[in-house]
Structure formats: structure tokens, C-alpha cells
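# Structure assessment
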Protein chains: 4
Amino acid sequence: MSRRFVVGVMGQGEGASEAAIADAHELGRLIAAEGWVVLSGGRDAGVMQAVNQGAKEIAGSLTVGILPGASLESSAELDIAIVTDMGSARNNLNVLSSDVVVACGPGSSGTVSEIALALKAGKTVILLNPDPETDALFEKLGRERTVLVNSAAEAIVAIKRARQ
Amino acid sequence: MSRRFVVGVMGQGEGASEAAIADAHELGRLIAAEGWVVLSGGRDAGVMQAVNQGAKEIAGSLTVGILPGASLESSAELDIAIVTDMGSARNNLNVLSSDVVVACGPGSSGTVSEIALALKAGKTVILLNPDPETDALFEKLGRERTVLVNSAAEAIVAIKRARQ
Amino acid sequence: MSRRFVVGVMGQGEGASEAAIADAHELGRLIAAEGWVVLSGGRDAGVMQAVNQGAKEIAGSLTVGILPGASLESSAELDIAIVTDMGSARNNLNVLSSDVVVACGPGSSGTVSEIALALKAGKTVILLNPDPETDALFEKLGRERTVLVNSAAEAIVAIKRARQ
Amino acid sequence: MSRRFVVGVMGQGEGASEAAIADAHELGRLIAAEGWVVLSGGRDAGVMQAVNQGAKEIAGSLTVGILPGASLESSAELDIAIVTDMGSARNNLNVLSSDVVVACGPGSSGTVSEIALALKAGKTVILLNPDPETDALFEKLGRERTVLVNSAAEAIVAIKRARQ
């Protein structure tokens, strides 16, 4: 089997907080340093952009973006662009294509839909510094499959545990 | 223009509470009595089944279901089955195809994804007897476009207001 | 079971020939007169528009369009608009949601993809006045499930036979 | 820009001819030797499997598969599996995500739908040893954007020309 281990990183695009962007950048570096693939929604904004920028600081990293639009034109940090032309319906593909999902920062509506779809699909979801309302709802909906962490380094530990 | 006004009703399938099912049944009757189309996820379970059963008690009602599977075999109460064969990615079609969305009862992961996708798409979402965690998150994410109601009759009033 | 029988009518949008448009208009009338639902790609152009216009000449007709775009704004002749925001990937939903598919006139690339997807999904496809190249390819690919006809009236006969 | 150049290879799964499988295997080797990414429908059958097996004979090759099903379990030769759970609707993603599309061997319905969707999306489609009916239809539909070739080596030349 040559399939590589894929970590999906979800989070707000435009309007993401500085803290979420910093977490995403560090997370991208650490995921890539483990030799895992970074998968995201692929747009050039917020958490998606930051996680890919972090990953591309590591030689040999591989970044895959699943784009909502119709064009192969994509983020400067994407190695592989999957072009769906299916808007937010592509959110389900983001989570199905990930071995583990990390939601980075407080949830926008798009991110919340991805956490919900990931739980529906039976994935482990790691919540990295979420807002309390997102944490409260998903702790309730997916108790055994959500993990709350406070740093990118803790997220890596949680991913390794989920992988076993 | 002959396009009919469509109310999307989202809610838990298997495991829906008796209260949510009773609300959905009454909501289906009242939507149909207004001459509006009932749109749902189309499966023969929980809120989806109840809203269609309620609607079919009204002569001339029209029920549309957007199915996750690949088969035209569908609920006994569906007039029109849209067959997507795209699993939970069809949740985005449910909300895009609705003029207004009602989330009926506490949210399962599927329903939560639909509320989030509806807000992302700029739709008004009426929360009918949600659990407090779902209410808290979506009041925060979509303050002006979420409406909290306690009965099917109140939902109809809120739909009429949203329609104006 | 209340599900209504659905005939999917596929064909060229912009650039459709006058003959194809005339066939589509007549086909829409005849399908609606049988009490069947007309399903199409829903856009306000060519065969899609003509089949819906034909159907709306019959009292009590029901027209469903599965739209590629993100907006509920749709053809003046659609009763129900299914909004997919998934571009040409929605072609597969068009055929899966139809009991029988009629391809009206020479095939554009979109129509050819729908004929192919319909055969893949095990549907009967009626080719109404196709160009010889489309006929030759699909006679070969789906011999038992393609039917060649020369008029809208013959298409209705073929639909009835396929329905049995 | 780090995005890698992607060649989509489409063709029959089960039932592919020995000649098509041999062409696909050689094509996979040659694409990978150029440093390009091989993208396919990802299933473990026919042309899809052969092109990935060919590519994996080259060190450093990268194979991406866009799967119709819901599971990350995939072909032994895939580096990256994109899981869509959307059946044949994923065919549109295959072509949108490719810089150039090669259809390898005679077309099954699935392959024919992909050629049609690729032309609709404005892609160049290289037909490698097609059957005469497929060639005739698509020469007509997409004259300037279809290229007929007789060997994997010729396909590489045509890809290079399309890329300029």
C-alpha cells in the first residue's frame, strides 16, 4: 500500500483570527514534518492558506486542496488542486478524504458544517482552540470522537493516538 | 413565474425524539395547507418521514425529497424523489433548493451540517425547539438569520415574515 | 406510493436546432398530458426551455429543473427548482432522478454526457432525432437500452413500453 | 507556484481490453517519468489500475485517484485517494482536476461521459486508440480540442503540445 496518511485541516477563510492563523501555520509545519499530507479546502485565505504555507516550509511536504470553484488556478502553496465546482458540497469530500480532521480555531459556518459532516462520517475530529459554543455542541454530538487541544503540538499527539 | 415556494425541513432521521416527530408532522400539515412545497432529505425515518406524512394529509400537497442514495425507490409519502447518489454532500442541495429552512428538534450531526450550510448560503433558518447547544452556536453564527420558535404554528409565522 | 412518474428530457441549451426545439416543445406537451412529471436541466435555453414551455401549456403539469448554478432564480416555466451549485456534475442527478430519459436532438457535449451517464445507471434512453454519430456510439454502448425514435409521439410510445 | 502538472487518464474499468491495459501501463510510466502527476478514477480495475501500476514503477511518481465510493480503502498503487461518495458525478471532478485528459482505449459509458465533460469544460482530450464510433462523435463535437494518437509515446508528445 502506498497511500499516504492525510490530515484534513479545516478553519475559517476570510476573517480568521490571528491566533487561528498562527496555530494553522504551526500545524502545517508539524504535519509535514511527520511526513503526512496536508489536505484543506484549498482557498488562499485564512486557516487554509496558513496551513499550506506552514507545510511548504518543510522540504518534501505535500499539500492537497479541494477547491469549491471551477478553476485549476489555486493557492501558491498547493501541490495538488482538486477542482470540484461544487461549492460547499465539497465540504463533505474534504472530510471523507482525510484520515483525521483538525478544526483550527473558532468555527465559521463552513467549518461547523465540516465538523458535523466529519462526525457523521465516523471520523475523529480534533478541536484546536475552538470557541466555547462550538466545543459545547460537538462535545455533545460526538463525545468519543472529538478531542479538545490547545496547541498544534498537542494536535499532533492527538492525531497519533487517533491513528493507532 | 410559476416557481412554487419551498420550505426545507431538516431534522434527525433514526433516533428523532417523539416531540420532534410530532412537531414535524404538524409542520408538514401547516406548510401544505399554505400551498407551499415541503422539501426534505427524503428518507423514511424520523423528522423527514413525519413532515411528509403530515403534508400528505392535505389534499394537493407536494412533497419533494432529495435522497442521498442511488435508487428512485423512496418514501411512500414523496411525490418527487431527487436521486443524488452523493451521500451527505446532498445536504447542501437541500438548503440551496429551499426558500426558507426549518430545523426541527435537536440537531444530529446531519442536521447541524444543514443549518451551517444554510447560513453559509444566506438562508433564513428557523430553529423549532432545538437543544440549547445548537441554539447557542447558531444564534452566535447567524444572529440576524436564525429565528427561535416553539411550535409549528410559530414556525409558519416566521416563514411568512422571512418571505416578505 | 405517491411518487409520480418522471421523464427526464435532455438536450442542447444555447445553439439547439429549430427542429430539436420543436420536438422538445411537443414532447413537453405530450408528457404533461400523460400526467407525468417533466424533469430537465432547468436552464432557460434551447431544449430545456422548450420542453418546459410545452408542458406548461397543459393544465396541472409539473416541471422540475435541476439547476447547475447556485440561485433559486430560474426559468419562468419551472414549478420546482433543485439548486445544486455543482455545474455539470449535476448531469448525473438529472438521469438518476428520471424513470426514463429522452435525449432530444443532436447531442452537445452536455447531452452526450447525460446519455452516457444514463446508460451507466441502467436507464432506458430514447434518442429522438439524434445526429448519426451520437446514434452510432450509443447503439453500440447500450444496444438493449437505447431506442431510436423520429417524433415526440413515438417517444411517448417508447416511454410506455419502457415503463412496463 | 508549486502546483504540479496533472494528466488525467480515463478508461474502462472491468472489461477493458488487453491492448487498452497495455497502453495505460506504458502511459503511466511515461507520465511519471516526465514528473507529472497521474490522476484517475482510482478504482482497482482496468485502465485505472494499469496506469497507476505503470506510474509506480517510476521512483518519485505521484498517483491521485478520485474515488466514487465512501471509503479511504483504495488501490494499492494510489498515493492520494480523494473520497467523494458521489458515484459517477465524480467524473466531472476527474476532468476539472486535470490539466489535460487522455482517454485510453475504446470508451465504456463512464469514459464517454468523461470525454464529453472534459470537452464541455474546455479541456484538451487525447484519444489513445479509441473505437471508431467514439472517435467519430468526439472529432465532431470537439474538433480543435481532440487529438487522436496511436501510442502512449505519441500521447506524451500531444500532452506537451497541449501544455504550451
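Residues numbered from 1 in each chain as written. Chains lettered and ligands numbered in written order. Predicted model: local features only at pLDDT ≥ 70, side-chain atom pairs only at ≥ 80, totals over all residues. Heavy atoms only, no water.

## Section: the overall build of chain A
Short version of the rule: The helix count covers DSSP runs of H or I at least four residues long, the strand count covers runs of E at least two residues long, and both are numbered beginning at the N terminus. Using C-alpha atoms as the atom set, the radius of gyration is obtained and then compared with a globule rule of 2.2 Å times the number of residues to the power 0.38. Each residue is assigned to one of three classes by its accessible area relative to the maximum for its type, calculated with a 1.4 Å probe on protein chains only: buried under 20%, partly exposed between the two thresholds, exposed over 50%. Note on contacts: a residue pair qualifies if any of its non-hydrogen atoms lie within 4.5 Å across the two residues. Working definition of accessibility: Shrake-Rupley area with a 1.4 Å probe, residue cover restricted to the visible protein chains. Neither His nor the chain ends is counted toward charge; the positive residues are Lys and Arg and the negative residues Asp and Glu. Here the site of a charge means NZ on Lys, CZ on Arg, CG on Asp, or CD on Glu.
A tally of regular secondary structure across chain A gives 6 helices and 7 strands. Along chain A, helices (α) and strands (β) appear in the sequence β-α-β-α-β-β-α-β-α-β-α-β-α when read from the amino end. The C-alpha radius of gyration of chain A comes to 14 Å, within 12% of the 15 Å expected for a compact globule of 164 residues. When its C-alpha atoms are laid out on the principal axes, chain A stretches across 40 × 35 × 30 Å. Taking all 164 residues of chain A together, 62% fall into the buried category. Sequence separation of at least 24 residues holds for 60% of the intrachain contacts in chain A that already meet a minimum separation of 6. About 5,400 Å² of surface is accessible on chain A, with carbon and sulfur atoms providing 47% of the total. Side-chain charges of chain A comprise 14 positive and 19 negative groups, with the mean position of each set lying 9 Å from the other.

## Considerations on the interface of chain D and chain C
The condition that has to hold: Buried area is understood as the total, over both parts, of accessible area removed when two parts are fitted together, assessed with a 1.4 Å probe. Salt bridges are counted wherever a side-chain nitrogen of Lys or Arg sits within 4 Å of a carboxyl oxygen of Asp or Glu. Any N or O atom pair separated by 3.5 Å or less is treated as a polar contact, with the protein-specific requirement of one donor-capable and one acceptor-capable atom, and with residues adjacent in sequence counted only for side-chain atom pairs.
Of the residues lining the interface, 23 residues belong to chain D; the matching set on chain C comes to 23 residues. Between chain D and chain C, a total of about 1,800 Å² is buried, with carbon and sulfur atoms accounting for 69% of that surface. Its largest share of buried area at the contact with chain C, chain D owes to S109, E133 and L137 of chain D, together 25% of the area lost on that side. Counting the contacts that link chain D with chain C gives 4 salt bridges. Between K140 of chain D and D131 of chain C there is a salt bridge, with the nearest N and O atoms lying 2.5 Å from each other. In this assembly, chain D and chain C are joined by 4 residue pairs in polar contact (both at pLDDT 80 or more). Secondary-structure elements contributing two or more residues to the side of chain D that touches chain C are α3 (91-96), α4 (109-120) and α5 (132-141) of chain D. No other element matches α4 of chain D, which puts 8 residues into the side of chain D that touches chain C.

## Quick notes on the interface of chain A and chain D
Opposite the 30 residues of chain A that make contact, chain D presents 30 residues. Carbon and sulfur atoms make up 64% of the surface buried where chain A meets chain D, a total of about 2,300 Å² over both sides. Considering only the surface of chain A that becomes buried against chain D, R3, L72 and L96 of chain A emerge as the three largest contributors, covering 24% of it. For the pair chain A and chain D, the interface holds 0 salt bridges.

## Side note on the relation of the copies chain D and chain C
Here the second copy of the chain follows from the first by a rotation about an axis and a shift along it. The condition that has to hold: The superposition of copies rests on a least-squares fit of C-alpha positions from residues with pLDDT of 70 or more in both.
Once chain D is rotated about the relating axis by 180° and shifted along it by 0.0 Å, it coincides with chain C to within an RMSD of 0.0 Å. Within this description, the copies of the chain are treated as partners about a two-fold rotation axis. Considering only C-alpha atoms, the part of chain D nearest the rotation axis is S113 of chain D, at 2.1 Å. Mapped onto chain C, 100% of the interface residues of chain D are again interface residues, and the two copies thus contact each other with one and the same surface.

## Let's talk about the pattern of salt bridges
As enumerated under the stated definition, the model contains 28 salt bridges over all chains in all. In this structure, E57 of chain B engages R29 of chain B in a salt bridge whose closest nitrogen and oxygen atoms are separated by 2.9 Å. A residue pair is termed long-range when its members are at least 10 positions apart, and E57 of chain B in the loop between α2 (46-55) and β3 (63-67) and R29 of chain B in helix α1 (residues 18-33) qualify at 28 residues. Residues joined by salt bridges that share partners form a network here, namely D131 and E133 of chain A together with K140 of chain B.

## Side note on the side chain of D79 of chain C
By secondary structure assignment, the location of D79 of chain C is in the loop between β3 (63-67) and β4 (80-83). The buried category is assigned to D79 of chain C, whose relative accessible area is 5%. A distance of 2.8 Å separates the side chain of D79 of chain C from the side chain of K56 of chain C, its partner in a polar contact. Reaching out from D79 of chain C, the side chain makes a polar contact with the backbone nitrogen of T63 of chain C at a distance of 2.8 Å. Beyond its immediate stretch of four places on either side in the chain, D79 of chain C contacts S2, R3 and R4 of chain B together with K56, S61, L62 and T63 of chain C.

## A closer look at helix α4 (residues 109-120) of chain B
Every α-helix carries 3.6 residues per turn, so stepping three or four residues along brings you back to the same face. Residues and elements named next belong to chain B. Where we set the bar: Residue count minus one, scaled by 1.5 Å, sets the expected span of a helix.
Between its terminal C-alpha atoms α4 stretches 16 Å, which fits the 16 Å expected from 12 residues at 1.5 Å a residue. Across the 12 residues of α4, 11 count as buried, placing the element largely inside the fold. By the burial criterion, the buried members of α4 are S109, G110, T111, V112, S113, E114, I115, A116, L117, A118 and L119. Looking one or two residues past α4, G122 carries a phi angle of roughly 85°, positive in sign.

## Looking at the confidence of the model for chain A
Formally: Note on scores: pLDDT gives the predictor's confidence for each residue, bounded by 0 and 100.
With 99% of its residues at a pLDDT of 70 or more, chain A has an overall mean of 96. Prediction confidence for the complex, expressed as pTM and ipTM, is 0.97 and 0.97 respectively.

## Here we look at the relation of the copies chain A and chain D
The transform that puts chain A on chain D rotates by 180° and translates by 0.0 Å along the axis, for an RMSD of 0.0 Å. An overlap of 100% is found between the interface residues of chain A and their copies at the interface of chain D, pointing to a shared contact surface.

## Structural notes on the sheet that holds strand β6 (residues 125-128) of chain A
All names here are of chain A. Our working definition: Two strands pair if DSSP finds at least two bridges between them. Between the N-to-C directions of two axes lies an angle of 0 to 180 degrees, each axis being a line fitted to C-alpha atoms and, for a helix, fitted only over the stretch in contact.
Pairing is parallel in the open sheet, where 7 strands are placed in the order β4-β3-β2-β1-β5-β6-β7. Two strands in the sheet have a free side with no partner beyond their single neighbour: β4 (80-83) and β7 (146-149). Each strand of the sheet is rotated relative to its neighbour by a mean of 25°, with strand direction disregarded. Here 4 bridges tie β6 to β7, and the two strands are oriented parallel to one another. Residue pairing for β7: L127 is matched across the bridge by L148. Sheet strands touched by helix α2 (residues 46-55): β1 (6-10), β2 (37-40), β3 (63-67) and β5 (100-104). Its angle to β2, the strand with the most contacts, is close to 165°.

## Examining the packing of aromatic side chains
Selection rule: In summary, the pairing rule links any two rings of Phe, Tyr or Trp, Trp by its six-membered ring, whose centres are within 6.5 Å, and it sorts them by plane angle into stacked for under 30 degrees, edge-to-face for over 60 and tilted for everything else. The rule for a charge over a ring is simple: NZ of Lys or CZ of Arg within 6 Å of the ring centre, and within 35 degrees of the ring normal.
Applying the stated rule across the entire model yields 4 aromatic pairs over all chains. Lying over the aromatic face of F5 of chain C, R163 of chain C brings its terminal NZ or CZ to 4.0 Å of the ring centre.

## A few points about the side chain of D131 of chain A
Positionally, D131 of chain A belongs in the loop between β6 and α5 (132-141). Within the local environment of D131 of chain A, its side chain forms a polar contact with the side chain of T134 of chain A, the two groups lying 2.7 Å apart. Among the polar contacts listed, one links the side chain of D131 of chain A to the side chain of K140 of chain B, at a separation of 2.5 Å. Each residue touching D131 of chain A, except ones within four places of it in the same chain, is listed here: P106 and G107 of chain A together with L137 and K140 of chain B.

## Quick look at unusual backbone geometry
Residue and element names in this part refer to chain A. Not every positive phi belongs to a glycine, and D85 is a case in point at roughly 50°. Note on placement: D85 falls in the loop between β4 and α3 (91-96). Using a relative accessible area of 23% as the deciding quantity, one classes D85 as partly exposed. Of note, N129 is a non-glycine position whose phi angle comes to about 50°, a positive value.

## Observations concerning the sheet that holds strand β5 (residues 100-104) of chain D
Residue and element names in this part refer to chain D. Strand order in this open sheet of 7 strands is β4-β3-β2-β1-β5-β6-β7, and the pairing throughout is parallel. One side of each edge strand has no neighbouring strand; the edge strands of this open sheet are β4 (80-83) and β7 (146-149). Pairwise comparison of adjacent strand axes, ignoring direction, gives a mean angle of 25° for this sheet. Pairing analysis gives 4 bridges linking strand β3 (residues 63-67) to β4, with the strands arranged parallel. Each bridged residue has a counterpart across the sheet, and for I66 the counterpart in β4 is I82. This element, helix α1 (residues 18-33), spans β1 (6-10), β2 (37-40), β5 and β6 (125-128) of the sheet and lies at about 150° to β5.

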